[in-house]
Amino acid sequence: MPIGEIKPELYKQQSEEEPCRERTPEAVGSLHFALVYNHEEKSLIVKIINAANLPAKDFSGTSDPYIKIYLLPDRKHKFQTKVHRKNLSPTFNESFTFTNVPYHELASRILQFVVYDFDRFSRHELIGQVVVKDLNGDLCNSHEKDYIADILCINQEKIDIGEVMLSLCYLQTAGRLTVTIIKARNLKAMDITGSSGQSF
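Residues numbered from 1 in each chain as written. Predicted model: local features only at pLDDT ≥ 70, side-chain atom pairs only at ≥ 80, totals over all residues. Heavy atoms only, no water.

A separate point is the side chain of D117. Within the fold, D117 resides in strand β6 (residues 110-117). Buried charge without a salt bridge: D117, with K57 as the nearest opposite-charge side chain at an N-O distance of 7.6 Å. Of note is the side chain of D117, whose polar atom sits 2.6 Å from the backbone nitrogen of D64. The contact partners of D117, leaving out residues within four places of it in the chain, are K57, D58, S63, D64, P65, Y66, H124, E125 and I127. (Helix = DSSP H or I, 4+ residues; strand = E, 2+ residues; numbered from the N terminus. Buried < 20%, exposed > 50% of the residue type's maximum accessible area, 1.4 Å probe, protein only. Lys, Arg positive; Asp, Glu negative; His and termini not counted. Salt bridge = Lys/Arg side-chain N within 4 Å of Asp/Glu carboxyl O. Polar contact = N/O pair within 3.5 Å; in protein donor to acceptor, adjacent residues only side chain to side chain. Contact = heavy atoms within 4.5 Å.)

The next point concerns the pairing of strand β2 (residues 43-52). The sheet contact formed by strand β1 (residues 27-38) and β2 spans 9 bridges and is antiparallel. The partner of Y37 across the bridge, within β2, is L44. Hairpin connection of β1 to β2: 4 residues between the antiparallel strands, including K42 at a positive phi of 55°. (Pairing = 2+ DSSP bridges.)

Let us look at the environment of L54. By the element assignment, L54 lies in the loop between β2 and β3 (65-72). Taking the relative accessible area as the measure of exposure, L54 reaches 5% and is therefore buried. Residues L54 and S30 lie 24 residues apart in sequence; the distance between their C-alpha atoms is 7.5 Å. Excluding anything up to four places from it in sequence, L54 contacts V28, P65, L88, P90 and I151.

Moving on: the confidence of the model for the protein. Averaged over all residues, the pLDDT of the protein equals 80, while 76% of them reach at least 70. Confidence scores differ between elements of the protein, with helix α1 (residues 135-138) showing the lowest mean pLDDT of 78 and strand β5 (residues 91-98) the highest of 96. Low confidence marks residues 10-19, where pLDDT is under 50. Its contacts with residues over four positions away, or in another chain, come to 8 contacts. (pLDDT = per-residue confidence, 0-100.)

Another aspect to go through is the packing of aromatic side chains. Applying the stated criterion across every chain, the model contains 6 aromatic pairs. For the pair F33 and F113, a centre-to-centre distance of 4.5 Å together with 45° between the ring planes defines the contact as tilted. Of this pair, F33 sits in strand β1 while F113 is found in strand β6, placing the two residues 80 residues apart along the sequence. The burial state of F33 is the same as that of F113; both residues are buried. Here F33 and Y147 contribute two aromatic rings whose centre-to-centre distance is 4.9 Å and whose plane-to-plane angle is 5°, an arrangement assigned as stacked. With a gap of 114 residues between them, F33 in strand β1 and Y147 in strand β8 (residues 145-152) connect regions that are remote in the sequence. The ring centre of Y116 lies 5.4 Å from the NZ or CZ of K68, which sits over that ring. Sitting above the plane of the Y147 ring, K145 keeps its charged end 5.5 Å from the centroid. (Phe/Tyr/Trp six-rings, centres within 6.5 Å; stacked < 30°, edge-to-face > 60°. Lys NZ or Arg CZ within 6 Å of the ring centre and 35° of its normal.)

Looking now at a nonpolar patch on the surface. There is a patch of nonpolar side chains on the surface, built from V164, L166, L168, Y170, L177, V179 and I181 and spanning about 640 Å² of accessible area. Ranked by residues supplied to the nonpolar patch, first place goes to strand β9 (residues 163-171) with 4 residues. Residue position: L166 is located in strand β9. (Patch = residues over 30% accessible without salt bridge, like charges linked within 9 Å, V, L, I, M, F, W, Y side chains within 5 Å. Areas by Shrake-Rupley, 256 points an atom, 1.4 Å probe, with all protein chains shown as cover.)

Side chains bearing opposite charge may pair, as long as their charged atoms lie close to each other. Enumeration over the complete set of coordinates arrives at 2 salt bridges. Residue K57 pairs with E125 through a salt bridge whose shortest N-O separation is 3.5 Å. Residue K57 is located in the loop between β2 and β3, and its partner E125 is located in strand β7 (residues 125-132); the two are separated by 68 residues in the primary sequence. Residue K57 is classed as partly exposed on the basis of its relative accessible area of 23%. In this structure E125 comes out as buried when scored by relative accessible area, which is 11%. Between R109 and E105 there is a salt bridge whose closest N-O contact spans 3.4 Å.

The structure is reproduced here in structure tokens:
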């Protein structure tokens, strides 16, 4: 192998934290929520009631779950629940309203709930997601509709959280590889405040 050539596959480790990789998504808990469409105000109201039987992601055997809500394909406007510390079956009881959503657009919109485990000192770990399609069919009237859906595990590797520039130097005589971290850019907001102020 030429000096300086790195083979990433030699350093890649299998992780027990990626159970869904290259497999059919499996249920990692359930989510109870309700939806109602306000025809007069052209708004979609989302109420997150609770989650149940979430997997333990922390060393203590618990998780600190919270949920982000998107009305796809728009990912700029999103909502987020509070973090529930050390709770595998949290009760949220939080409501969020997507405004300026004409009823005829619901046929092409997808409601996405993404469940995370909050971590103060490292990247928040993805638990799974719930996706709701055909919103116009379910919400043709103004009555609240209740849902209980499986939270499906998804591949976290597909989520872009930023870029890191590295410098690699291999000293063949000493058999030593030196890695220098130069800079990072386009980092994803990972704090509960919506920033990444303590990147390291």
